[in-house]
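Read off the chains here:
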Amino acid sequence: SNAGCLSTPTATSNTVTMAVTSSVTPSVSITANPGNTVCSGTSVTFTAVAVNGGSTPAYQWQVNGVNAGTNSDTYTSSTLADGDVVTCVLTSNSSCASSSTATSNDITMSVSGSVAPTVSIAAAPGETVCIGTNVTFTATPGNGGSSPSYQWTLNGANVGTNSDTYSNNALATGDQVQCTMTSNSSCATTSTATSQVITMTVNNSLVPTVSASGPLTFCQGGSVELTASAAAGYVWSPGGETTQSITVDAAGVYSVTVNDGNGCSGSDAGTTVVVNALPVVTLGT
């Protein structure tokens, strides 16, 4: 200083220590709750997480490139359509931001309409069987979700297990089989569906009877006609004849297998035919 009357001509100021921060890059990422695969009409909330956004970042949400929502780190919509793309643009107020804005990742929505669950059943080998036949029922679900459950009923009573098949070898004529499926599809209009009813026809095993036109024991040169009880088809053994009646002139055991045309068949125990040789007459002297 050149002021007069100074005790000393110099003075030293306080020290200012600088804090120099490197530039930062703002970024933003978004997530969807409950997810990007939803049913039509579901409310979906998107949340933005900003990095280097500064003390008061600004948010601009967009759906298919069109501004939506408010200046908030969340955006909620229940009117999204399949294929809609949601993004968020962040404006950072960080003084050292290398750029003022950042755009988030895209979330593409998969939106499904409501669906009605269905189930149908089929019987193998069929709905008309012979007594004692093992019948397997198979359920075919529609809109059952990833892991549908099944409850089978026989004449209204629960049977079987939680499986898409049910088997029974003790069915009787008039037995009714049905299946109720519970769907876990998130877009199902109702949780359960009931199949059609299958009413079984169970035929008894066939035991044919055989009648003879005459004695079953006769002399060589004779014959007898064997006739089976009425059926849809016949196979005689031995011989293989396929008629209801056969004429027999040789000794043996003759049996017949019959069928009713619906897959049921049965055989008799066999009919024994005895043919005696003709006597040999000799003249004495």
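Higher on the page you've got the structure.
Notes on the structure follow. Model, not experiment: these values are computed from the prediction.

**Points about the pairing of strand β3 (residues 44-51)**
- In this structure, strand β1 (residues 27-33) lies alongside β3, joined through 7 bridges in antiparallel fashion. Within the sheet, the bridge partner assigned to T31 lies in β3 and is T47.
- Strand direction decides the pairing type here: β3 and strand β6 (residues 74-77), joined by 4 bridges, are antiparallel. When the bridges of β6 are listed, V44 appears paired with S77.

**As for the sheet that holds strand β16 (residues 165-168)**
- The antiparallel open sheet is built from 3 strands, whose spatial order is β11-β13-β16. Both edges of this open sheet fall to β11 (118-124) and β16, since each of them pairs with a single strand only. Across the sheet, the mean angle from the axis of one strand to that of its neighbour is 20°, orientation sign disregarded.
- Inspection of the sheet shows strand β13 (residues 135-142) paired to β16 by 4 bridges, in the antiparallel sense. Counterpart to T136 in the pairing with β16 is S167.

**Examining the environment of Y75**
- Note on placement: Y75 falls in strand β6.
- Residue classification places Y75 among the buried positions, given a relative accessible area of 11%.
- Spatially, the C-alpha atom of Y75 lies 9.5 Å from that of Q60, the residues being 15 residues apart in sequence.
- In this view, Y75 contacts V44, T45, F46, W61, V63, A68, G69 and V86; residues no more than four positions away in its chain are not counted.

**Remarks on the nonpolar core**
- Among the nonpolar cores identified, the biggest contains 20 residues, and V135, F137, A139, W152, Y166, L171 and M200 are the most heavily contacted of them.
- Within the residue set of this core, elements represented by two or more residues are β11, β13, β14 (149-154) and β17 (176-182).
- Excluding anything up to four places from it in sequence, L171 contacts V135, F137, L154, M200 and V202.
- The next biggest cluster of nonpolar side chains, apart from the first, holds 18 residues, and it includes V28, W61, Y75 and I107.

**A closer look at the sheet that holds strand β21 (residues 210-212)**
- Here we have 3 strands laid out as an open sheet, ordered β21-β23-β25, and antiparallel in their pairing. What marks the edges here is a single partner per strand, and that holds for β21 and β25 (245-248). Here the strands of the sheet are splayed against their neighbours by 25° on average, with no regard to which way each runs.
- Where strand β23 (residues 224-228) meets β25, 4 bridges bridge the pair, whose relative direction is antiparallel. Along β25, the bridge assignment pairs T227 with S245.

**Structural notes on the pairing of strand β4 (residues 58-63)**
- Both β4 and strand β7 (residues 85-91) contribute to a ladder of 6 bridges, which runs antiparallel. Each bridged residue has a counterpart across the sheet, and for Q60 the counterpart in β7 is V89.
- Count of turn residues in the β4/strand β5 (residues 66-68) antiparallel hairpin: 2 residues, of which N64 carries a positive phi of about 55°.

**Description of the packing of aromatic side chains**
- This model, assessed by the stated rule, comprises 4 aromatic pairs.
- Judged by centre distance (6.0 Å) and plane angle (20°), the ring pair of F46 and Y75 falls under stacked. Residue F46 is located in strand β3, and its partner Y75 is located in strand β6; the two are separated by 29 residues in the primary sequence. The pair F46 / Y75 is uniform in exposure class, with both members buried.
- The rings of F46, W61 and Y75 are connected pair by pair, giving a single aromatic cluster.

**Here's the deal with the state of the cysteines**
- Per the counting criterion, the structure on display carries 2 disulfides.
- Linked covalently through their sulfurs, C39 and C187 form a disulfide whose S-S length is 1.9 Å. Judged by the sign of its S-S torsion, about -105°, the bond between C39 and C187 is left-handed. Here the residue C39 occupies a position in strand β2 (residues 37-39), and C187 occupies one in the loop between β17 and β18 (192-194), the gap between them amounting to 148 residues.
- By relative accessible area, C39 is classed as buried at 12%.
- When its relative accessible area of 9% is taken as the criterion, C187 is described as buried.
- Paired through a disulfide, C130 and C264 show a sulfur-sulfur distance of 1.9 Å. Its S-S torsion of about -135° marks the bond between C130 and C264 as left-handed, since a negative value means left-handed. Taken together, the residues span a long stretch of sequence, with C130 in strand β12 (residues 128-130) and C264 in the loop between β26 (252-259) and β27 (265-267) at a distance of 134 residues.

Thresholds applied
Residues numbered from 1 in each chain as written. Predicted model: local features only at pLDDT ≥ 70, side-chain atom pairs only at ≥ 80, totals over all residues. Heavy atoms only, no water. Pairing = 2+ DSSP bridges. Helix = DSSP H or I, 4+ residues; strand = E, 2+ residues; numbered from the N terminus. Axes fitted to C-alpha atoms, helices over the stretch in contact; angles between N-to-C directions. Buried < 20%, exposed > 50% of the residue type's maximum accessible area, 1.4 Å probe, protein only. Contact = heavy atoms within 4.5 Å. Core = buried A, V, L, I, M, F, W, Y, C linked by side-chain atoms within 4.5 Å. Phe/Tyr/Trp six-rings, centres within 6.5 Å; stacked < 30°, edge-to-face > 60°. Disulfide = S-S within 2.5 Å.

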